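The chain contents come next:
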Amino acid sequence: MSGEKSGSGVAAHAPVGLRERKKQLTYQAVSDAAITMFLERGFDKVSVAEVAAAADISKPTLFRYFPAKEDLVLHRFADHEDEAARTVAGRADGESPLDALHRHFLAGLAGRDPVTGLCDNPHVLAFHGLLYGTPALVARMYAYQGRSEAALARALGGGVTARLAAGQIVAVLRILAEENWRRIDAGESADAVYPGAVEAAELAFVQLRSGLE
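Remember, predicted model here, so these are calculated numbers, not experimental data.

A. Seen up close, the confidence of the model for the chain. Looking at the chain, the pLDDT average stands at 87 and 92% of residues meet or exceed 70. The element-level mean pLDDT for the chain is lowest in helix 1 (residues 18-41), coming to 86, with helix 6 (residues 97-110) highest at 96. Below pLDDT 50 for its whole length, residues 2-14 participates in 16 contacts with residues either more than four positions away or in separate chains.

In structure tokens form, the structure reads like this:
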């Protein structure tokens, strides 16, 4: 896994225009309305038509924003699809891809980032319960993970070796997050789980290094 770094890091984002900002706000509002309804009644018991009505938009308009019902929930993961790739691309000079990803994940644990699974905020727990407790959402999440793998593979230089590495890395991050969430869902606090989560992350990256480097 070469992961050669090109350029000076991640390019600065262009300013968001008014139209794009309105679009993002609509995405968020529709997604929030849908998730509220799903949490109250269950994902399978709420229709797309009901979500559209609650968001005061037509059903065809909703599908222009969200191609599938599952995307109404997984929209919250959209900003994280290329997070691993961005971490690799923006790493410090002399820092290896795995070191950058390791550092980033540990920082997420320390900050109780919901993406790491180590967050006991009631709203986050409810969302994770909806996600992991709904087979259709779990299945759809694999499409998001596939795009995350593809983005990371490109950041690692492309080719079969990079794709293999990206697949292993994304799988490890997913398993670590799921384990943290399952412990918290069973009743442990984030603070209580934190030491074990760090230990598991350290072990996981040791195994990645031994297999990938």
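Structure's up, so let's keep going.
B. Structural detail: unusual backbone geometry. A positive phi is found at aspartate 56, a non-glycine position, where the angle reads about 60°. Considering the arrangement of structural elements, one finds aspartate 56 in the loop between helix 2 (48-54) and helix 3 (59-65). In this model, arginine 112 sits at a positive phi of 55°, which is unusual for a non-glycine residue.

C. Structural context of the packing of helix 7 (residues 122-132) against helix 8 (residues 135-155). For the pair helix 7 and helix 8, the least separation of the axes is 6 Å and the interaxial angle reads 90°. Our classification of the angle between helix 7 and helix 8 gives roughly perpendicular. Between helix 7 and helix 8, the contacting residues are Leu130, Leu131 and Tyr132 on the first element and Leu137, Val138 and Met141 on the second. A breakdown of the residues in the contact of helix 7 with helix 8 according to their chemical character gives six nonpolar, no polar and no charged.

What counts as what
Residues numbered from 1 in each chain as written. Predicted model: local features only at pLDDT ≥ 70, side-chain atom pairs only at ≥ 80, totals over all residues. Heavy atoms only, no water. pLDDT = per-residue confidence, 0-100. Helix = DSSP H or I, 4+ residues; strand = E, 2+ residues; numbered from the N terminus. Contact = heavy atoms within 4.5 Å. Axes fitted to C-alpha atoms, helices over the stretch in contact; angles between N-to-C directions. Parallel < 35°, antiparallel > 145°, perpendicular 65-115°, else oblique. Nonpolar A, V, L, I, M, F, W, Y, C, P; charged D, E, K, R; others polar.

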